[in-house]
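Listed below are the residues making up each chain.
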Amino acid sequence: MTWTQMERAEAAELRAAGKTNTQIGRALGRSVDSVEKHFARERKRAGVTMRVGRPAKGEEWMAPVPIPEGYISPMTTIQYDAEGNVKNEWRRLTPAQKSLSDFADALAKRVAGKGKIVQSPAIIRNAKADMLQETVIADPHLGMYAWPDETGSHSYDIKRATETVRAAVDHACEQAHPGVHVIVFNGDIMHGDSRSNKTEMSGNILDMDTRWAKVLEHAEECLVSSVELAAKKAAKVAVVVNPGNHDWHTAHALGRILAAYWRNSKAVTVMNHARPRKTLVWGNTLLGWAHGDRVKPADWPKVIAAEFPQDWGNTRYRYLHLGHIHHSKVCGPTMVDEQSGLTVEFLRSLCPIDAWHAESGYVGQQHGCDTFLYSKKWGMEARWFFNSERVWH
């Protein structure tokens, strides 16, 4: 659809005010792709070209400017005039990995040992010692922004995201009084991994509700309160933190912060080692978790068997719970007998779709949180599902 003169003028004003293409699109009721093409046409009319990327080998872009210590510049945008002269240069700066690690260390040091949960005799007495409850918070994407007029789904921001996580955990806690409650944050806890608001691997632009540092503060509070909720019903709480493709660095940081926070608590343990796959054995049952974006579904049984051979051999019932694809999918491998298989299940995401998923046609999924109950002898005995729409309506 052709842009009107009024739309062109308003877009120019919004760009001059520092608004992003996504924000301009929302204001004008246009898609991001339409906005990008509009500005490309405007640059062509003005005889201005843009180049985005990195300098070619042996090529220099403008006078070198020192990059601040602790940052890297993964991308630079260059503006040329009609004669080919460089007019402007914009360098995108993101914190270097080492700086993020130092940042996580500083936060962990700040909260070390402050988490104090002492279980009352009544909670320990009422808990069923041979039962383990598993609640998987898959893909909550804290910090994601979703606009219903753009996605055709539900609105979503940092406030609604944290409310949804807490409601899901609270619902899970109403179902049982286990000896151990495992809370699994199974990747993409946060929507963005730095203030660049892009995914690290693919460079996709992310719709973020607020600043990365502020989202991190909300995430810390949300995860801590989730553990505290679980501790009201379970004798012990175990926390599993896995990284996702949206939050590899941040997930590791959050895991280290939680481990430091609960360091002096005998009721809480945090599983936060650097391996991308984590497992736990409960009697005859092997439980495993990974984000699910790196391994082909059919390959999971041999990967888990090879990586955890002792746990595999000592168990009769085996379950692997994944996320990433934002909808439920069960992969049942061929079983020679009851001891040779692994049930692989991709669980639903807790969050609604964003603009990217809507534009790509990934619509119509049900969103929520699954919780499971296992006995030491008989494996899975029950499961429940929390529908996120309980919070969104």
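Glancing now at the overall build of the protein. When helices and strands are tallied, the protein shows 13 helices and 14 strands. For the protein, the accessible area works out to roughly 19700 Å², and carbon and sulfur atoms hold 52% of it.

Listed in full, the buried residues belonging to helix α2 (residues 21-28) are N21, T22, I24, G25 and L28. Taken end-on, α2 shows its buried residues confined to a sector of 165 degrees, consistent with a single buried face. The secondary structure elements touched by the buried residues of α2 are α1 (5-16) and α3 (32-45). Just past α2, the residue G29 takes up positive phi, approximately 70 degrees.

With that out of the way, let us pick up the sheet that holds strand β7 (residues 268-271). The sheet built from six strands is open, its strands ordered β7-β6-β5-β4-β13-β14 with mixed pairing. For this open sheet the edge positions go to β7 and β14 (379-387), each flanked by a neighbour on one side alone. Mean inter-strand twist for the sheet, computed between neighbouring axes without regard to direction, equals 20 degrees. For strand β4 (residues 128-137) and strand β5 (residues 178-186), the ladder comprises seven bridges, and the chain directions are parallel. The partner of E134 across the bridge, within β5, is V182.

To continue, consider the environment of R390. Looking at the secondary structure, you find R390 in helix α13 (residues 389-392). For the pair R390 and G368, spaced 22 residues apart in sequence, the C-alpha to C-alpha distance is 9.3 Å.

Among the secondary structure elements, T285 is positioned in strand β9 (residues 285-289). T285 gets classed as buried once you look at its relative accessible area, which sits at 0%. Excluding its chain neighbours within four sequence positions, the residues that come into contact with T285 are L280, T315, Y317, Y319, Y374, S375 and G379.

Looking now at the packing of α2 against α3. For the pair α2 and α3, the least separation of the axes is 8 Å and the interaxial angle reads 105 degrees. Viewed along their axes, α2 and α3 adopt a mutual orientation that is roughly perpendicular. Mapping the contact onto sequence places N21, T22, I24 and G25 in α2 and V32, V35, E36 and F39 in α3. When grouped by side-chain class, the residues that make up the contact of α2 with α3 number four nonpolar, three polar and one charged.

On to the environment of D370, then. By the element assignment, D370 lies in strand β13 (residues 368-375). Taking relative accessible area as the criterion, D370 reaches 2% and is therefore assigned buried. As for D370 and F386, which are separated by 16 residues in sequence, their C-alpha atoms are 6.4 Å apart. Not counting the four nearest positions on each side in its chain, D370 is found in contact with E134, T135, V136, L347, R348, R383, W384 and F385. At a separation of 3.0 Å, a polar atom in the side chain of D370 contacts the side chain of R383.

Here we take up the packing of aromatic side chains. Considering all chains together, one arrives at five aromatic pairs under this definition. Measuring from ring centre to ring centre gives 4.8 Å for Y261 and W262, while their planes differ by 85 degrees; the resulting arrangement is edge-to-face. Looking at W262, the relative accessible area reads 2%, which means it is buried. Clustering of aromatic rings is evident, with ring pairs tying together Y319, F372 and Y374. The ring of F385 has R348 lying over it, and the distance from NZ or CZ to the ring centre is 4.6 Å.

What follows deals with the packing of α1 against α3. Packing of α1 against α3 brings their axes to within 12 Å, and their N-to-C directions diverge by 95 degrees. Relative to α3, the element α1 lies roughly perpendicular. In this structure, α1 uses R8, A11 and R15 to contact α3, whose residues at the interface are H38, F39, E42 and R45. Across the contact of α1 with α3, the residue classes tally to two nonpolar, one polar and four charged.

Time to look at the confidence of the model for the protein. Taken as a whole, the protein shows an average pLDDT of 82; of its residues, 82% reach a score of 70 or greater. Every residue in residues 329-339 scores below 50 in pLDDT, and together they form 21 contacts with partners more than four places removed in sequence or on other chains.

With that out of the way, let us pick up the pairing of β9. Of all five residues in β9, five are buried, a share of seventy percent or more. In this sheet, β9 lies alongside strand β8 (residues 278-282) in antiparallel orientation, the contact comprising five bridges. The residue of β9 that forms the bridge with W282 is T285. Here β8 folds back onto β9 in antiparallel fashion, the turn holding two residues, of which G283 has a positive phi close to 60 degrees. Of the pairings in the sheet, the one linking β9 to strand β10 (residues 317-322) comprises five bridges and is parallel in character. Looking at β10, one finds that L287 is bridged to Y319.

Right, let's get into the environment of H171. With respect to the helices and strands, the residue H171 is situated in helix α7 (residues 158-173). Here H171 falls in the buried class, since its relative accessible area comes to 10%. In sequence terms H171 and N387 are 216 residues apart; their C-alpha atoms lie 9.8 Å from each other. Dropping the residues within four chain positions of it, H171 is found in contact with W384, F385, F386 and R390.

For the coordinates displayed, the defined rule picks out eleven salt bridges. Here E150 ties to R26 by a salt bridge, and the two come within 3.9 Å at their closest N and O atoms. On the criterion of sequence distance, the pair formed by E150 in helix α6 (residues 148-151) and R26 in helix α2 is long-range, its members being 124 residues apart. A relative accessible area of 22% places E150 in the partly exposed class. Between E307 and R277 there is a salt bridge, and its shortest N-O distance comes to 2.5 Å. Residue E307 is located in helix α10 (residues 300-307), and its partner R277 is located in the loop between β7 and β8; the two are separated by 30 residues in the primary sequence. The structure contains a network of salt bridges with shared partners spanning R26, E150 and D207.

Thresholds applied
- Residues numbered from 1 in each chain as written.
- Predicted model: local features only at pLDDT ≥ 70, side-chain atom pairs only at ≥ 80, totals over all residues.
- Heavy atoms only, no water.
- Helix = DSSP H or I, 4+ residues; strand = E, 2+ residues; numbered from the N terminus.
- Areas by Shrake-Rupley, 256 points an atom, 1.4 Å probe, with all protein chains shown as cover.
- Buried < 20%, exposed > 50% of the residue type's maximum accessible area, 1.4 Å probe, protein only.
- Arc of directions from axis to C-beta.
- Contact = heavy atoms within 4.5 Å.
- Pairing = 2+ DSSP bridges.
- Axes fitted to C-alpha atoms, helices over the stretch in contact; angles between N-to-C directions.
- Parallel < 35°, antiparallel > 145°, perpendicular 65-115°, else oblique.
- Nonpolar A, V, L, I, M, F, W, Y, C, P; charged D, E, K, R; others polar.
- Polar contact = N/O pair within 3.5 Å; in protein donor to acceptor, adjacent residues only side chain to side chain.
- Phe/Tyr/Trp six-rings, centres within 6.5 Å; stacked < 30°, edge-to-face > 60°.
- Lys NZ or Arg CZ within 6 Å of the ring centre and 35° of its normal.
- pLDDT = per-residue confidence, 0-100.
- Salt bridge = Lys/Arg side-chain N within 4 Å of Asp/Glu carboxyl O.

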